[in-house]
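The lines below spell out each chain.
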Amino acid sequence: MAINTKRLNVTEFDFDEVKNNLKVFLSGQTEFTDYDFEGSGMNALLDVLAYNTHYLGFNANMLANEMFLDSASLRSSVVSHAKTLGYIPNSARAAVATVNVSLNTTSVTSATMPAGTIFNSTVNGTDYQFVTSDAVTASNTGSSIPFVLTKIYEGTFVTTRYTVDSTDVEQRFLVPNRRADTSTLKVVVQNSSSDSTTTTFTQATDITQVTDESDVYFLQEVENGKFEVYFGDGVIGTALVDGNIVILTYVVSNTTDANGASIFKSNAGIASVSDVSSTIGGISDVSVEVVDVANGGSEPETITSIKYNAPLDYASQGRCVTTEDYKVYAKKLYANAQSVQVFGGENGSFDSSLGVVSTAEYGKVFISIIATTGLNLTSSEKR
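Below, the structure is looked at part by part.

## Notes on helix α5 (residues 323–333)
So, point 1. For α5, the set of buried residues is Asp325, Lys327, Val328, Tyr329 and Ala330.
So, point 2. Those residues of α5 that are buried lie in contact with α4 (303–316), β16 (337–344) and β19 (365–371).

Here is the structure:
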């Protein structure tokens, strides 16, 4: 097939082919008849033109890839596409243990264990700190004040404050650490520096239930794997006003490192720590009983997982009907799930002695999970 040297071939984007097409085109022009393109300054100019064309073609191809969830490779692009589907990727998760804490006293009628109360544990020779994420109050039962089934999270309890300033067009309410566990995030808004009245905001999960007076916040992942809290505009959700103080509390963890921690000691009674953390409610005689060992610590959700779960989460529309719906929500509620299998009772059931059997048990859904930390889930994980 004859090549039309009067017309530039634009179907290739590879450097060598682009350069060759430019040579063929120029050699077909009367102005460059018998011109030596290999041994002249024109060769360097052709290199520049070919490189420029190659760059533009490569950038256009990469840009097109990032426009779609299936082909995107940058986390920022994948997260952005997931946001349009209403999906929020899982943040890093702290290892969580369940313990019964007893303050041994007969003289105190009640006590409060504040958020950020510290407990210590050791895993493989490394010391880890566990903290509570909520303040809890309990009463004396006779000889002790029990805090039953208390969840403690591996990591550091952190508080971040922002003062609302509408004149600052770049103001954002960021959770500044990418290892923050957003499942422990608490958002409180104080009226002002001179008015200590506070309002606790909850995360919006169903936009149809949000009004102009709903005290809700919204959450999204932003650059560098961090998360941003933002608020309503007065039409959808309560709007903040200048002078409000936004208080974010959360746990920053070591993700998977403390999974398996099984022995915990309170800081209470330890002379080396400050007076504030050396007691709980002013009581230093504290005993800790482990109900469930630490588990569930995990890294932030991967790009592959986001690509898989975001469309399914959107398809489920906030309810569980199909087996895929249950798989998505099992992984969403339990980030440490490595593999999930689901079947309806019409297809079989589970017998504690025989395992999975073919006998139908209508009205039930059976979920089997393999965690990244082991084969069997604890009772609290199953709950």
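## Section: the packing of helix α1 (residues 15–27) against helix α2 (residues 41–66)
When two helices pack together, you describe them by how their axes are tilted relative to each other and by the distance separating the axes.
So, point 1. Between α1 and α2, whose axes approach to 9 Å, the crossing angle comes to 130°. Of the possible angle classes, the one that applies to α1 and α2 is oblique. Handedness of the α1/α2 crossing: right-handed. Between α1 and α2, the residues in contact are Phe15, Val18, Lys19, Leu22, Lys23 and Leu26 and Met42, Asn43, Leu46, Asp47, Leu49, Ala50, Tyr51, Thr53 and His54, respectively.

## Side note on the nonpolar core
So, point 1. In this structure, Val101, Leu103, Phe130 and Phe264 are the most contacted members of the largest nonpolar core, which totals 22 residues.
So, point 2. The contact partners of valine 101, leaving out residues within four places of it in the chain, are Met113, Phe119, Ile145, Pro146, Phe147, Val286 and Ser287.
So, point 3. Ranked by size, the runner-up nonpolar core spans 21 residues in total, among them Val164, Val189, Phe227 and Val229.

## Quick word on the sheet that holds strand β14 (residues 265–266)
So, point 1. Strand order in this open sheet of six strands is β14-β3-β4-β6-β1-β15, and the pairing throughout is antiparallel. Each edge of the sheet is formed by a strand with only one pairing partner; in this case those strands are β14 and β15 (286–295).

## Re the pairing of strand β1 (residues 96–104)
So, point 1. For β1, the tally of buried residues reaches eight of nine residues, placing the bulk of the element in the interior.
So, point 2. Of the strand pairs in this sheet, β1 and strand β6 (residues 144–154) are connected by eight bridges, and their pairing is antiparallel. Residue pairing across strands places threonine 98 opposite lysine 151, the latter belonging to β6.
So, point 3. Inspection of the sheet shows β1 paired to β15 by seven bridges, in the antiparallel sense. Note on β15: the bridge partner recorded for valine 101 is valine 288.

## Re the pattern of salt bridges
Between side chains of opposite charge, a pair can form as their charged atoms come close.
So, point 1. Summed over all chains, the structure comprises nine salt bridges.
So, point 2. The salt bridge partner of aspartate 47 is lysine 19, with a shortest N-O separation of 2.6 Å. One end of the pair, aspartate 47, is in helix α2; the other, lysine 19, is in helix α1, and 28 residues separate them in sequence.
So, point 3. A relative accessible area of 13% means that lysine 19 is categorised as buried.
So, point 4. Aspartate 181 is the partner of arginine 93 in a salt bridge, and the nearest nitrogen-oxygen pair spans 3.3 Å.

## Some details on the packing of aromatic side chains
So, point 1. Inspection of the entire model under this criterion finds six aromatic pairs.
So, point 2. With centroids separated by 5.6 Å and ring planes inclined at 75°, the aromatic side chains of tyrosine 162 and phenylalanine 173 adopt a geometry described as edge-to-face. Placement of tyrosine 162 in strand β7 (residues 156–163) and of phenylalanine 173 in strand β8 (residues 173–175) is noted, with a sequence separation of 11 residues between them.
So, point 3. Between phenylalanine 173 and phenylalanine 231, the ring centres sit 5.6 Å apart and the planes meet at 80°, which makes this aromatic pair edge-to-face. Here phenylalanine 173 is found in strand β8, whereas its partner phenylalanine 231 is found in strand β12 (residues 227–231), with 58 residues between them in sequence. The burial state of phenylalanine 173 is the same as that of phenylalanine 231; both residues are buried.
So, point 4. In this structure an aromatic cluster arises from ring pairing among Tyr162, Phe173, Phe201 and Phe231.

## So, the side chain of threonine 184
So, point 1. Looking at the secondary structure, you find threonine 184 in strand β9 (residues 180–190).
So, point 2. Note on threonine 184: relative accessible area 1%, which makes it buried.
So, point 3. Setting aside anything within four residues of it in sequence, one finds threonine 184 in contact with Ser133, Tyr153, Thr249, Tyr250 and Val251.

## Topic: the sheet that holds β8
So, point 1. Pairing is mixed in the open sheet, where seven strands are placed in the order β7-β13-β9-β10-β11-β12-β8. What marks the edges here is a single partner per strand, and that holds for β7 and β8. For this sheet the average axis-to-axis angle between neighbouring strands, irrespective of direction, equals 30°.
So, point 2. Relative to strand β11 (residues 216–221), strand β10 (residues 198–203) is paired through two bridges, and the arrangement is parallel. Pairing of glutamine 203 across the sheet is with tyrosine 217, part of β11.

Criteria and thresholds
- Residues numbered from 1 in each chain as written.
- Predicted model: local features only at pLDDT ≥ 70, side-chain atom pairs only at ≥ 80, totals over all residues.
- Heavy atoms only, no water.
- Buried < 20%, exposed > 50% of the residue type's maximum accessible area, 1.4 Å probe, protein only.
- Helix = DSSP H or I, 4+ residues; strand = E, 2+ residues; numbered from the N terminus.
- Contact = heavy atoms within 4.5 Å.
- Axes fitted to C-alpha atoms, helices over the stretch in contact; angles between N-to-C directions.
- Parallel < 35°, antiparallel > 145°, perpendicular 65-115°, else oblique.
- Left-handed = near helix turned anticlockwise from the far one by under 90°.
- Core = buried A, V, L, I, M, F, W, Y, C linked by side-chain atoms within 4.5 Å.
- Pairing = 2+ DSSP bridges.
- Salt bridge = Lys/Arg side-chain N within 4 Å of Asp/Glu carboxyl O.
- Phe/Tyr/Trp six-rings, centres within 6.5 Å; stacked < 30°, edge-to-face > 60°.

So far we have only geometry, and geometry alone does not tell us how the molecule works.
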